[in-house]
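# Architecture at a glance
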Amino acid sequence: MNRIPQTGARAAWRSLPAAQQPQWPDQVALREVVADLSAAPPLVLAEECDRLTERMAAVAAGEAFVLQGGDCAETFEGLTADAVTAKLRTLLQMAVVLTYASGVPVVKIGRLAGQYAKPRSQPDETRDGLSLPSYRGDAVNGPDFTERARRPDPARLRRMYEASAVTLNLVRGFAAGGSASLYQAHQWNRGFLADSAEGRRYEELADGVDRALRFLQACGCDPAGLLEAEFFASHEGLLLDYEQALTRTDPRTGAEYATSGHLLWVGERTRGLDDAHIAYFAGIGNPIAVKLGPGTTADEVLGYVDRLDPDRRPGRLTFVVRMGAGRVRELLPPLVEKVTAEGARVAWICDPMHGNTVQTEDGRKTRRFDDILDEVAGFFEVHRELGTHAGGIHVELTGDDVTECLGGGDRVRAEDLHQRYETACDPRLNHRQSLDLAFRVAELMKA
Ligand code: PEP
Ligand code: MN
């Protein structure tokens, strides 16, 4: 852990230990970038963040479901209109599957427009006797195994801001420009393998959506809301210099908001109760989330409730549980019980990815679709038994036909992984696997 230099006002977190911060070699360049970003326009507005808090309050109340998804790590190179659109279409398809099956509104949150920084378990990586700093995401350094690429470069923070702005622009255009209209439900499947089992199943469902829309029209109702979708942007709020630089005061209320994205989460490696990340998050008005791994204690969880949601504001705080398929049934119940007894109205979401990562024989990180599904099933079982609400899923996915996770609709085998293993960090579900997961989760929601 290193200490972050004191440069800002109103930032109590600066005196606290901050895990996973890059060692920027050029501090002068860092200060310049931070000064520029501190004067730059916000990427999102406080009122949009408040709207997401309202949506999350419905989730906490058991009246809505969250679909949060996107890359493990976005990259500057991977930012193309096609890639962003394919991700959005995948999320929309999944959302329509979930809504159609359950009749419950689905809050759509991308892991995008800011997901450029990664925590790492090892600060350095060694290959053939050479040790270099680990790749920490495009916000910090480059993935190539060279001294030059791995040197943390503050200019990348400015590129992160710009790439996030470009992505958000695509998201807003897609969401409001007609592409996300429910009347386009068939179109979202275009370009994907529509003749796959999931593709056909989806086409049938989209036929049902069409019939429902025609029925509504025939009855004289054509709600404008069906023509647009509501997307929110989220990322791990890892780099505190960047987040602080984009923190703005909401003129309506005088409250501070992170304006780098609508929802930020604290990762499993930076959630120390007395550390800088929790202190920074306590000071912003956004809806926020904390990842909970298998080592989480009930005292820690109550500590997060106290510090991050002292007013018990519904929708303010979400817990993203990532225990692993084998452990969620045993580890989650005591946490949920304690939080419920405390009177906090938080949303519970299942991240079935990060507790289920395995290595193949040739050293690739992968995840089995069956483990992912099993963790989601366990998460639903726990909530059903406790009478609480299984509030959503948080997944790493892409709209592309990559081969990074095993099994699922695509029947990807270990020997297929090399074909299109493109992730900059963790293995993602491809388009078919994502749709397959949505159909399975829809069944769990109906049960
Ligand atoms: C992630 O979401 O990519 C991640 C690093 O997760 P976690 O903090 O839960 O390990
Ligand atoms: Mn990840």
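### Regarding the overall build of the chain
A tally of regular secondary structure across the chain gives 12 helices and 14 strands. Its C-alpha radius of gyration of 21 Å places the chain within 12% of the 22 Å reference for a compact globule of 447 residues. For the chain, the spread of C-alpha atoms along the principal axes amounts to about 65 × 50 × 45 Å. Taking all 447 residues of the chain together, 57% fall into the buried category. Considering only residue pairs separated by 6 or more positions, the chain has 74% of its internal contacts joining residues 24 or more positions apart. Averaging the coordinates of the 52 positive side-chain charges in the chain and doing the same for the 65 negative ones gives two points 1 Å apart.

### Examining the coordination of the manganese ion (ligand 2)
In this structure, Cys72 (SG), His354 (NE2), Glu396 (OE) and Asp426 (OD) serve as the protein donors to the manganese ion (ligand 2), at separations of 2.1 to 2.5 Å. Read from N- to C-terminus, the donor residues coordinating the manganese ion (ligand 2) fall into the pattern C-x281-H-x41-E-x29-D. On the criterion of sequence distance, the pair formed by Cys72 in the loop between β1 (65-70) and α3 (81-102) and Asp426 in the loop between β14 (392-396) and α12 (431-446) is long-range, its members being 354 residues apart. Given a relative accessible area of 0%, Cys72 falls into the buried group. Residue Asp426 is classed as buried on the basis of its relative accessible area of 9%.

### Digging into the confidence of the model for the chain
Taken as a whole, the chain shows an average pLDDT of 95; of its residues, 98% reach a score of 70 or greater. With pLDDT under 50 throughout, residues 1-9 is counted as low confidence; its partners more than four residues away or in other chains account for 24 contacts.

### Considering the packing of aromatic side chains
This structure, assessed with the given rule, holds eight aromatic pairs. Consider the rings of Phe76 and Tyr116, whose centres lie 5.1 Å apart with planes at 35°: the pair is tilted. Taken together, the positions of Phe76 in the loop between β1 and α3 and Tyr116 in the loop between β2 (106-111) and β3 (124-127) put the pair 40 residues apart, joining distant regions of the chain. Considered together, Phe76 and Tyr116 belong to a single accessibility category, that of buried residues. An aromatic cluster of three or more residues is present, and its members are Trp13, Tyr280 and Phe281.

### Notes on unusual backbone geometry
Even without being a glycine, Gln20 presents a positive backbone phi close to 65°. With respect to the helices and strands, Gln20 occurs in the segment before α1 (27-38).

### Brief notes about the layout of surface pockets
Over the atoms, a rolled probe matching the size of one water molecule traces out where space is still vacant. Within this model, the largest pocket holds a volume of roughly 1,100 Å³. Only α3, β3, α4 (147-150) and α5 (155-176) provide two or more residues apiece to the lining of the largest pocket. For the lining of the largest pocket, the residue count by class is 13 nonpolar, 11 polar and 19 charged. In this structure, the second largest pocket spans a volume of roughly 570 Å³. What lines the second largest pocket is a set of 23 residues, among which Val96, Thr99, Lys108, Leu182 and Leu226 lie closest to the centre. Counting residues per element, the ones that place at least two in the lining of the second largest pocket are α3, β2 and α6 (197-218).

### Overview of the environment of Gly261
Assignment of secondary structure puts Gly261 in the loop between β7 (256-258) and β8 (263-266). The spatial distance from the C-alpha of Gly261 to the C-alpha of Glu48 is 9.7 Å, given a sequence separation of 213 residues. Sequence-distant contacts of Gly261, that is, excluding residues within four places in its chain, are made with Val44, Cys49, Ala233, His235 and Asn286.

### Some remarks on empty space enclosed by the protein
Counted under the stated rule, the structure contains two cavities of 30 Å³ or more. Computed from the structure, the second largest cavity encloses a volume of approximately 40 Å³. Along the walls of the second largest cavity sit Gln21, Pro22, Trp24, Leu157, Leu239, Leu240, Asp241 and Tyr242, which together make up its complete lining. Among the elements that take part in the lining of the second largest cavity, helix α7 (residues 240-245) stands out by supplying three residues, more than any other. A per-class count over the lining of the second largest cavity returns six nonpolar, one polar and one charged.

### As for the site of ligand 1
The environment of ligand 1 is made up of Cys72, Arg111, Lys118, Pro119, Gly267, Glu268, Arg269, Lys291, Arg322, His354 and Glu396. With respect to ligand 1, the side chain of Arg322 contributes an N or O atom lying 2.7 Å from an oxygen atom. Expressed as a share of its isolated accessible area of 300 Å², the protein-covered part of ligand 1 is 98%. Of the residues that constitute the shell around ligand 1, the class distribution is two nonpolar, two polar and seven charged.

### Here we look at the packing of α6 against α12
Two elements in contact, α6 and α12, have axes whose closest approach is 9 Å; the angle formed by their N-to-C orientations is 55°. Considering their axes alone, α6 and α12 lie oblique with respect to each other. Seen from above, α6 lies across α12 with left-handed handedness. In this structure, α6 uses Ala197, Glu198, Arg201, Tyr202 and Leu205 to contact α12, whose residues at the interface are Arg432, Leu435, Asp436, Phe439 and Glu443. Class assignment of the residues belonging to the contact of α6 with α12 gives a composition of five nonpolar, no polar and five charged.

### Let's talk about the side chain of Gln93
Note on placement: Gln93 falls in helix α3. A distance of 2.7 Å separates the side chain of Gln93 from the side chain of His431, its partner in a polar contact. Among all residues touching Gln93, those that are not within four sequence positions of it are Trp188, Asn189, Phe192, Tyr202, His431 and Leu435.

### Section: helix α10 (residues 328-342)
Every α-helix carries 3.6 residues per turn, so stepping three or four residues along brings you back to the same face. Its 15 residues place the ends of α10 21 Å apart at the C-alpha level, agreeing with the 21 Å of an ideal helix rising 1.5 Å per residue. Taken residue by residue, α10 has Val328, Leu331, Leu332, Pro333, Leu335, Val336 and Val339 as its buried positions. Where α10 is buried, its residues contact β9 (288-292), α9 (298-308), β10 (317-321), β11 (347-350) and α11 (369-386). Gly343 occupies a position one or two residues after α10 and carries a positive phi of about 85°.

Scoring rules and cut-offs
Residues numbered from 1 in each chain as written. Chains lettered and ligands numbered in written order. Predicted model: local features only at pLDDT ≥ 70, side-chain atom pairs only at ≥ 80, totals over all residues. Heavy atoms only, no water. Helix = DSSP H or I, 4+ residues; strand = E, 2+ residues; numbered from the N terminus. Rg over C-alpha atoms; globule rule 2.2 N^0.38 Å. Buried < 20%, exposed > 50% of the residue type's maximum accessible area, 1.4 Å probe, protein only. Contact = heavy atoms within 4.5 Å. Lys, Arg positive; Asp, Glu negative; His and termini not counted. Charge placed at Lys NZ, Arg CZ, Asp CG, Glu CD. Donors = N, O, S within 2.8 Å, 3.2 Å for Na, K, Ca; no water. pLDDT = per-residue confidence, 0-100. Phe/Tyr/Trp six-rings, centres within 6.5 Å; stacked < 30°, edge-to-face > 60°. 1 Å grid on protein atoms, 1.4 Å probe; cavity = no way out; pocket = protein on both sides within 12 Å on 5 of 7 lines; lining within 4 Å. Points joined across faces, edges and corners; volume = space filled by probe spheres on them. Nonpolar A, V, L, I, M, F, W, Y, C, P; charged D, E, K, R; others polar. Near = heavy atom within 4 Å. Polar contact = N/O pair within 3.5 Å; in protein donor to acceptor, adjacent residues only side chain to side chain. Areas by Shrake-Rupley, 256 points an atom, 1.4 Å probe, with all protein chains shown as cover. Axes fitted to C-alpha atoms, helices over the stretch in contact; angles between N-to-C directions. Parallel < 35°, antiparallel > 145°, perpendicular 65-115°, else oblique. Left-handed = near helix turned anticlockwise from the far one by under 90°. Expected span 1.5 Å × (residues − 1).

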